[in-house]
Amino acid sequence: MIIDRIENLDKYVKLNPLFQVVCDYIKQNDPFSHPLGKTELKGKDVVANFCCVAGKEKPLARLETHDLMIDIQMPLSTPEVYGFTPRLSLPEAEYNEAKDITFYAGEAETYFTLTPGEFAIFFPEDGHAPGIADTAELNKVIFKVKA
């Protein structure tokens, strides 16, 4: 997992060359005024999902992992809290191949807060529980990048 400010995202392109597609998209588009919806940036390999999600309390935020995709998540409207547990510490759970997601029971080991302008990169080995907020709704963008 990586936590940083959006202006530093280009420093991580060497980890996955598809991150450059996300960097270029952010430089050419203002994510803070982008309409809601999904946009394929490079076919199914890089997708931007601008969404409004319901804020939830920690016990209601489910830990998840992805086998095929990396998430770059960024709150746009309000701070967002994320839970984190390394995948190696999570119990066995059923993988949904069609949606590339595994959900896990229980709360995360640790939590951190991102404010608008910051991002987190979650790799397949990173269990994450997004969407924790004191507000009823929050706008965010999730970039799905092929691992």
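These numbers were taken from a predicted model, which means no experiment stands behind them.

Student: Whenever I open this one, unusual backbone geometry confuses me. Can you help?
Tutor: Most peptide bonds take the trans configuration, and most residues that are not glycine carry a negative phi. Even without glycine at this site, Asp 100 takes up a positive phi of about 50°. Take Asp 100: it is sitting in the loop between β7 (95-96) and β8 (101-104). According to the relative accessible area criterion, Asp 100 is buried, its value standing at 8%.

Student: Honestly, the sheet that holds strand β3 (residues 46-54) in this entry has me stumped. Any pointers?
Tutor: Sheets are built from strands that pair by backbone hydrogen bonding, the pairs being arranged parallel or antiparallel. One open sheet holds the six strands; their spatial order is β1-β10-β5-β12-β3-β2, and the pairing between them is antiparallel. Edge positions in the sheet fall to β1 (2-5) and β2 (37-42), since each has one partner strand and no second. This sheet shows a mean twist of 20° between the axes of neighbouring strands, independent of strand direction. For strand β5 (residues 69-75) and strand β12 (residues 137-146), the ladder comprises seven bridges, and the chain directions are antiparallel. Bridge assignment links Ile 70 to a residue of β12, and that residue is Val 145. Across the sheet, helix α1 (residues 19-28) is in contact with β2, β3, β5, β10 (118-122) and β12; its angle to β12 comes to roughly 140°.

Student: Quick question: what am I supposed to make of the pattern of salt bridges here?
Tutor: Where charged atoms from two side chains of opposite charge come close, those side chains can pair. The final tally for this structure, using the stated rule, is five salt bridges. A salt bridge links Glu 80 to Lys 140, with the nearest nitrogen and oxygen atoms 2.7 Å apart. Within this pair, whereas Glu 80 is found in strand β6 (residues 80-86), its partner Lys 140 is found in strand β12, the two being separated by 60 residues in sequence. Lys 140 shares its class with Glu 80; the two are buried.

Rules behind the numbers
- Residues numbered from 1 in each chain as written.
- Predicted model: local features only at pLDDT ≥ 70, side-chain atom pairs only at ≥ 80, totals over all residues.
- Heavy atoms only, no water.
- Helix = DSSP H or I, 4+ residues; strand = E, 2+ residues; numbered from the N terminus.
- Buried < 20%, exposed > 50% of the residue type's maximum accessible area, 1.4 Å probe, protein only.
- Pairing = 2+ DSSP bridges.
- Axes fitted to C-alpha atoms, helices over the stretch in contact; angles between N-to-C directions.
- Contact = heavy atoms within 4.5 Å.
- Salt bridge = Lys/Arg side-chain N within 4 Å of Asp/Glu carboxyl O.

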